[in-house]
Amino acid sequence: MFAKAFRVKSNTAIKGSDRKLRADVTTAFPTLGTDQVSELVPGKEELNIVKLYAHKGDAVTVYVSGGNPILFELEKNLYPTVYTLWSYPDLLPTFTTWPLVLEKLVGGADLMLPGLVMPPAGLPQVQKGDLCAISLVGNRAPVAIGVAAMSTAEMLTSGLKGRGFSVLHTYQDHLWRSGNKSSPPSIAPLALDSADLSEEKGSVQMDSTLQGDMRHMTLEGEEENGEVHQAREDKSLSEAPEDTSTRGLNQDSTDSKTLQEQMDELLQQCFLHALKCRVKKADLPLLTSTFLGSHMFSCCPEGRQLDIKKSSYKKLSKFLQQMQQEQIIQVKELSKGVESIVAVDWKHPRITSFVIPEPSPTSQTIQEGSREQPYHPPDIKPLYCVPASMTLLFQESGHKKGSFLEGSEVRTIVINYAKKNDLVDADNKNLVRLDPILCDCILEKNEQHTVMKLPWDSLLTRCLEKLQPAYQVTLPGQEPIVKKGRICPIDITLAQRASNKKVTVVRNLEAYGLDPYSVAAILQQRCQASTTVNPAPGAKDSLQVQIQGNQVHHLGWLLLEEYQLPRKHIQGLEKALKPGKKK
């Protein structure tokens, strides 16, 4: 509701002793005692009543105390804000989800049931229409509130499929921004088990069930060509619950097709869809693992899951052999153990007659709120910071120590300074005479008595070199972030673990607006390897993603081709697995 900016109609101060508001709070939240209601609606402090219109036109009344919105009223129903829930975390039944889901909720998405985390004690008991709080794994402080779309019993009966909660308000939305913008407090879960403890320490083993729900597809098994491997060491990957591996299938269909037949149809649909819409002649030869991970998976319809293990083919190589026998594609082993698609007959009747399926209205309604927003790379702009030694040169233009400037601004300031102080050489307009300020700012000590003039290009180059490097990062929909120094590239490294197995490690994703948990989820599916997200050593408030095996090729494709990040901001791509070598 508050994902976008709202329009304020009025803002009126009232006395906090307003009896009607206290009575409404007591009625709406009977678990609050008299003292707690008095704390929430204090008698000696002023309250502000803000009447506003949400971006969709809903008329909302917001109650503000101490600069923070504490309650809001919509259609005569009273709701607490996250600020209030942080003081009273047990005010509402609380459901838990994963940290990477929060971004989607802030963007206006509803919470889908596959995103819920099942606690050891089971889900809270609620009825359809009940007001509920939503928290993240490892912290009981709510980050959102919403209305249950079905009862707890219905949620369990559905196999945790469909929309679970209509989200009304979240941490980081515009209602939260109207307050002091504080972060959620750290409130320990009521029953902290070992899995929660590992989450608290920052080492999170990404659960395969969650990743399947995130991308609506999953793949089990081991590809014999050496490109796709099942992480046998990871029990959570190889032993996913049965309801997860078949969740996307039409199990309630009235037809008589078996689950295996349905999966065969889905596999062929994704295959033909990928060839017709995504793969181009210039992409050939194309590794079969890349075809699966980067093309077929992305063609899986919303709400469905591609699981080759559940098909009659069991393995990708066997399925592609069948497609080759039908003369749709040609597959060759260009290097030992590595198969590639080398030719496609785009005029084959099965491709030309294939009709791209339209999502059903029901699917559109359920999924619309939770559909992922496409990633857009940030705008990264180099800047220059004025140091103390250069302040005399820039103070005439109104800049001081610590000011940030673009290169074009520096050029204009230096040119104007030279012209204003009559420093352009009268005999040669390409030279600039150096006055004491320019000498102190740009010359070395041993040059100050020997260099009297400099060409324009040399003057400007030296000036830029003497300034401190800085940069500005602008993420879509966010205010620009300016920092000193040079932006750290996304760093990809290979490491050898005690078990003598290689792992791929990537860090600095956050600087480019990428969520490490989301990247780990995508790579886990595409690489079919275990992934973990841990605190990056030696870096404050930064995470690193670790993937089993050499996955630089998949990582490079994701960052360069799908996310469209410039190659200059990524280091380590040369470590990609060479054709013919095993991971």
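Computed from a predicted structure; not experimentally measured. Every chain is numbered independently, its residues counted from 1 as its sequence is written. pLDDT decides what is reported in this predicted model: residues at 70 or higher carry local features, side-chain atom pairs at 80 or more are listed and counted, and totals for whole chains, interfaces and linings draw on all residues regardless. Based on all heavy atoms of the structure, the side-chain values leave hydrogens and waters out of the count.

Structural notes on the packing of helix H20 (residues 516-527) against helix H21 (residues 552-562)
Note on geometry: axes are C-alpha line fits, over the in-contact stretch for helices, and angles between N-to-C directions span 0 to 180 degrees. Put simply, DSSP H or I for four residues or longer makes a helix, DSSP E for two residues or longer makes a strand, and each gets a number counted from the N terminus. Put simply, H20 and H21 touch, their axes get as near as 10 Å, and they point 125 degrees apart. In terms of their interaxial angle, H20 and H21 are classed as oblique. Note that H20 runs across H21; the crossing there is right-handed. Across from Val-519, Ile-522, Leu-523, Arg-526 and Cys-527 in H20, the residues of H21 making contact are His-554, Leu-555, Trp-557, Leu-558 and Glu-562. Residues belonging to the contact of H20 with H21 are distributed by class as follows: seven nonpolar, one polar and two charged. For classification purposes, angles smaller than 35 degrees are called roughly parallel, those larger than 145 roughly antiparallel, those between 65 and 115 roughly perpendicular, and all remaining angles oblique. In this scheme the handedness of a crossing depends on how the near helix is turned from the far one: anticlockwise by less than a right angle means left-handed, clockwise means right-handed. A contact between two residues is defined here by any heavy atoms of the two lying within 4.5 Å. Under the scheme applied, nonpolar residues are Ala, Val, Leu, Ile, Met, Phe, Trp, Tyr, Cys and Pro; charged residues are Asp, Glu, Lys and Arg; polar residues are all the others, including Gly.

Details of the sheet that holds strand E13 (residues 329-335)
A strand pair is defined by DSSP finding two or more bridges across the two strands. The sheet built from three strands is open, its strands ordered E12-E14-E13 with antiparallel pairing. Every interior strand has two partners, whereas the edge strands, strand E12 (286-287) and E13, have only one. Sitting on the sheet, helix H13 (residues 316-325) touches E13 and strand E14 (338-344), and the angle it makes with E13 is about 130 degrees.

Considerations on the sheet that holds strand E8 (residues 131-136)
Here five strands make up an open sheet; going across it, the order is E6-E8-E9-E10-E7 and the pairing mixed. Strands with a single pairing partner mark the edges of an open sheet, and in this sheet they are strand E6 (94-97) and strand E7 (111-112). Pairing analysis gives four bridges linking E6 to E8, with the strands arranged parallel. Bridge assignment links Thr-94 to a residue of E8, and that residue is Ala-133.

A word on the packing of helix H12 (residues 288-296) against H21
At a minimum axis separation of 11 Å, H12 and H21 run at an interaxial angle of 40 degrees. In terms of orientation, H12 lies oblique with respect to H21. In the crossing of H12 with H21, the sense of the turn from one axis to the other is right-handed. Touching Ser-289, Thr-290, Ser-294 and His-295 of H12 are His-553, His-554, Trp-557 and Glu-562, all from H21.

Quick notes on the environment of Val-482
In this fold, Val-482 is placed in strand E20 (residues 481-484). Relative accessibility thresholds used throughout: buried, under 20% of the residue-type maximum; exposed, over 50%; partly exposed, between the two (1.4 Å probe, protein chains only). Of the residues examined, Val-482 reaches a relative accessible area of 35% and is grouped as partly exposed. For the pair Val-482 and Leu-383, spaced 99 residues apart in sequence, the C-alpha separation works out to 8.6 Å. Excluding residues that lie within four positions of it along the chain, Val-482 makes contacts with Leu-383, Phe-404, Tyr-471 and Gln-472.

Considerations on the pairing of E8
Summarising burial for E8: six of the six residues are buried, a large majority. Burial along E8 is two-sided: the face carrying Leu-131, Ala-133 and Ser-135 and the face carrying Cys-132, Ile-134 and Leu-136 are both buried. Between the end of E8 and the start of strand E9 (residues 139-148), which pair antiparallel, lie two residues, with Gly-138 showing a positive phi angle near 90 degrees.

Some remarks on a positive patch on the surface
There is a patch of like positive charges on the surface, built from Lys-309, Lys-314, Lys-315 and Lys-318. Mapped onto the elements of the fold, Lys-314 is located in the loop between H12 and H13. According to the relative accessible area criterion, Lys-314 is partly exposed, its value standing at 41%. Patch members must show over 30% relative accessible area and no salt bridge, and they are joined within 9 Å when carrying like charges or within 5 Å when they are nonpolar side chains of Val, Leu, Ile, Met, Phe, Trp or Tyr. Computed with a 1.4 Å probe, the accessible areas rest on the Shrake-Rupley method; for each residue, only the protein chains presented here act as cover. Counted as salt bridges are all cases of a side-chain nitrogen of Lys or Arg within 4 Å of a carboxyl oxygen of Asp or Glu. Note on charges: Lys and Arg go in the positive column, Asp and Glu in the negative column, and His and the chain ends are not counted at all. For charged residues, the charge sits on one atom: NZ in Lys, CZ in Arg, CG in Asp, CD in Glu.

Topic: the state of the cysteines
Note on terminology: disulfide denotes any pair of cysteine sulfur atoms within 2.5 Å. Scanning the entire structure with this criterion turns up zero disulfides. Here Cys-299 is not disulfide-linked; the sulfur of Cys-277 is the nearest cysteine sulfur, at 6.5 Å.

Considerations on the packing of aromatic side chains
Here the distance between the centres and the angle between the planes together describe a pair of aromatic rings. Think of it this way: a Phe, Tyr or Trp ring, Trp meaning its six-membered ring, pairs with another when their centres are within 6.5 Å, and the plane angle makes it stacked under 30 degrees, edge-to-face over 60, tilted otherwise. This structure, assessed with the given rule, holds 10 aromatic pairs. Ring plane angle 70 degrees and centroid distance 5.5 Å describe the contact between Tyr-83 and Trp-86, whose orientation is recorded as edge-to-face. In this pair, Tyr-83 and Trp-86 both sit in helix H3 (residues 82-87), three residues apart, roughly one turn of the helix. You'll find Tyr-83 and Trp-86 in the same group, each marked buried. Seen in terms of ring centroids, Tyr-313 and Phe-319 are 5.1 Å apart; in terms of plane orientation they differ by 80 degrees. Their pairing is edge-to-face. Owing to a relative accessible area of 0%, Phe-319 belongs among the buried residues under this scheme. Put simply, the rings of Phe-2, Phe-6, Phe-72 and Tyr-79 touch in pairs and so form one group of aromatic residues.

That's the geometry; what it means functionally is another story.
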